[in-house]
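Residue-level structural notes
Each chain, written out:
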Amino acid sequence: MLPLPLANILHHRLRSLLSALGVAIAVCMLITLSGLARGTLEEIAKRWQGVNADIIVYPAHWSDNITTIGGGGVGRGDLKMLKSLKVGGKPVIDYLVPICILQGKVAKVNCNIVGIKPEDFHLLIEKPGKKLTGRIFDPHNKFAKWLEAKLTTPSEETLSISRAELARRGGLEMVIDTRLARSTGLKIGDKVYVAGHRFKIVGEIPAGVLARAFIPLATAQWLMDLSTGRYTLIFAKLHNTSTMGDVIRKINTTSRLKATSLGQYRNMLEARFGIMYLYIDTVNTITLIVAMLFVLVTLYTIVIQHRREIAILKSMGATRRFILREILTEAMILTGMGTVMGILLAPVAGAIIEAFLPLLTVEISPRWVLISILAAAGGGILAAVYPAWCAMRMNPAEILTLE
Amino acid sequence: MSNSNRYILEAINLHKSFKAGEVREHVLRGLDLRVERGEFLAVMGPSGCGKSTLLHLLGLMDKPDSGSIIIDGQDTTYMDEQTQAAIRRRKIGFVFQRFNLLNVLSGYDNIALSLKIRGLDTDGIDRLLASMGVAEVARKSPEKMSMGQQQRLTVARAIAHKPDILLADEPTGSLDSANTQTVLEMFKRANEQDGLTVVMITHSPTVASAASRVVYMKDGKIIDGNT
């Protein structure tokens, strides 16, 4: 014979589907919201870890947390010192990439804009699978050389560099990542105002490395009012990563600079946004409670609809355990169906969110998938036990007379 | 023969009231009834006289405010719910006017479920269904059956576990005369051939005439025929 819980589900297909869908929405919501909250910060961490370098060097007077670093705290002298750095008598630095980080808006989207030399861009940012389309800005450093000459030759002209000249010499060119392009609709050849200047988009890079927008280092320095020898920080690539600990220790103890591994950036983000994680976890907990209430209400409604059936079972002498088992089994089947649907829906929901809001990242974490499964199962059992307990206490005579 | 052997069902000084809004309505007012083993009893009376309430109390589906119900010599007054459920499982079968079949199951599975609850095997279901004339529709949901077929299925479910007592509440109330006759014949056959005790509530004197004894109720008491 067909088990009664299964018979109920099959007989009331639409109701069962809607109930499972209710659970699915709750599970999907929980996974997606947790994934969205953590995914966006995780994506930033991954972008920083995605550069072709091993350590970050920054001014020692900066706080221990560089996630909001700006300005021009390191200089050419620091670059020279780092280039000649030796550990155990051997040179350890393969290459150094100084960058400037500028906070700005690109087509109304707030983002970090990284100033970098064109040749360093290829070194630090590009890698297999992340190749530039279009072209790099100021490809032959003509603008950088012109600007440096201009700034180092004191004259009246120094103070009166026109926007038209900046643009003509390639200084107002920009490379953006694919996510920013999708989010803003910008494409190669388009013009966009950034920091009061009209930049031309000349290239597009697959998202996932360091920043969303890149401009010539000289332009960033000029926009930040820095001299051409000042940088926000320096990325260093080591000959041998096994020397990383020694290199960091040496920089930290013998210079006015501080160094940290790229892996530390994630910890810094977590430390900086610790309060935000608390907020995220609070939101997730509320979502979890709402999800469980949703499951409870859905299953309670089903049990209420089973009153007559329970009364019939009682008239046949069904034990409390039998009735409880039937109700729990049906609740668990529906919850299970809903949970599976929710888990399958979550990546789809994430993809939809990322499609419509490309700067957001939904990262489905196995931890939250597990939490969602446990929450749905717990919610399902709790949700079914209470109405089942009510059902077992019902007076069958009354129900069979009235319903 | 001692009383406990002679009477399979005894109701002694039963009182039952229900709260209807602010008012408490006394439905049974000191009712006494004895049903002999193997008897076919019809209970008649006007609407609201407490016939269905009596049947629910006799079937241990509800508790009286006071008084006792003795089933097969066992006083059920102080029995807990689980023990009462065990008596329902073993000794009692119900037939309701509105059938109370589970539409989510097939006719066959309705009977199989009844037997499963009672811990019995399902081997004889097909034979039973055939004897009730519903074998050909047994795989359908009850809602796809005629009223007569549904009631025959209800009777089959009620007697499948071979109970001692069959309690029927207006079993022919929804049926035409041909189906009424069929159901009554089923009751008679179960009563005469298998020794099943039948207590049947009815409004109809014609239906009641199928019983070996008829009692009349009025204002919550038996007023005639309680011997």
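All values derive from a computational prediction rather than experimental measurement. Along every chain, residues carry numbers that run from 1 in the direction the sequence is written. Whichever chain is written first becomes A and whichever ligand is written first becomes 1, with later ones labelled in order. Per-residue local features of the predicted model are confined to residues with pLDDT of at least 70, and side-chain atom pairs are confined, for both listing and counting, to 80 or more; whole-chain, interface and lining totals are unaffected and use all residues.

What to know about the overall build of chain A
Numbering goes from the N terminus for both helices and strands, where a helix is a DSSP run of H or I of at least four residues and a strand is a run of E of at least two. The secondary structure content of chain A amounts to 15 helices and 14 strands. Our radius of gyration is a C-alpha quantity, and the globule rule it is checked against amounts to 2.2 Å times the number of residues to the power 0.38. Over its C-alpha atoms chain A spans a radius of gyration of 30 Å, topping by over 25% the 22 Å that the globule rule assigns to 403 residues. Structurally, chain A occupies a C-alpha span of about 105 × 50 × 35 Å along its principal axes. Looking at chain A as a whole, 41% of its 403 residues qualify as buried. Each residue is represented by a C-beta atom placed from its backbone, and any two residues with such atoms within 7 Å are regarded as in contact. In chain A, 83% of the contacts between residues at least 6 apart in sequence involve partners at least 24 apart. Between the buried cut of 20 or more and the exposed cut of 12 or fewer other C-beta atoms within 10 Å of a residue's own C-beta lies the partly exposed class, and all C-beta atoms are placed from the backbone.

Details of the interface of chain B and chain A
Listed per partner, the contact involves 22 residues of chain B and 20 residues of chain A. Elements represented by at least two residues in the side of chain B that touches chain A include exactly helix H2 (51-58), helix H3 (81-91), strand E6 (92-96) and helix H4 (107-117) of chain B. The residue makeup of the side of chain B that touches chain A, split by class, is 11 nonpolar, six polar and five charged. Only Asp, Glu, Lys and Arg are considered charged, only Ala, Val, Leu, Ile, Met, Phe, Trp, Tyr, Cys and Pro nonpolar, and every remaining residue, Gly among them, polar.

Some details on helix H6 (residues 147-159) of chain B
Residue and element names in this part refer to chain B. Over its 13 residues, H6 runs 19 Å from end to end, which matches the ideal 18 Å to within 8%, given 1.5 Å per residue. Counted residue by residue, H6 has 11 buried out of 13 residues, so it is predominantly covered. Looking at H6, one finds that the buried residues are Gln149, Gln150, Gln151, Arg152, Leu153, Thr154, Val155, Ala156, Arg157, Ala158 and Ile159. In this structure, the buried residues of H6 make contact with E6, H4, helix H5 (125-132), strand E7 (165-169) and helix H7 (177-194). What a helix should span is 1.5 Å times the count of its residues minus one.

Some details on the packing of helix H13 (residues 320-356) of chain A against helix H14 (residues 366-393) of chain A
When two helices pack together, their arrangement is captured by the angle between the axes and the distance separating the axes. Residues and elements named next belong to chain A. Orientation is described by axes fitted as lines to C-alpha atoms, over the contacting stretch for helices, and by angles from 0 to 180 degrees between their N-to-C directions. Two elements in contact, H13 and H14, have axes whose closest approach is 9 Å; the angle formed by their N-to-C orientations is 150°. Taken together, the axes of H13 and H14 lie roughly antiparallel to each other. Pair H13 / H14 crosses with right-handed handedness. The segment H13 lies against H14, with Arg320, Ile323, Leu324, Ile327, Leu328, Ala331, Met332, Thr335, Gly338, Thr339, Gly342 and Ile343 engaging Val369, Ser372, Ile373, Ala376, Ala377, Gly380, Ile381, Ala383, Ala384, Ala388, Ala391 and Met392. Its residues placed into classes, the contact of H13 with H14 shows 17 nonpolar, six polar and one charged. In this scheme, roughly parallel covers angles under 35 degrees and roughly antiparallel covers those over 145, while 65 to 115 is roughly perpendicular and the rest are oblique. Throughout, a crossing is termed right-handed when the near helix is turned clockwise from the far one, and left-handed when it is turned anticlockwise from it by less than a right angle.

Some details on the sheet that holds strand E2 (residues 23-36) of chain B
Residues and elements named next belong to chain B. Whether two strands pair comes down to DSSP finding at least two bridges between them. Overall, antiparallel pairing links the four strands, which are arranged E2-E1-E4-E5 in an open sheet. This sheet does not close on itself; its edge strands, each paired only once, are E2 and strand E5 (74-75). With two bridges joining them, strand E4 (residues 66-71) and E5 adopt antiparallel strand pairing. Following the sheet pairing, Ile70 is matched in E5 by Asp75. Against the sheet, H2 makes contact with strand E1 (7-20), E2 and E4, and its axis sits at roughly 120° relative to E1, the strand it touches most.

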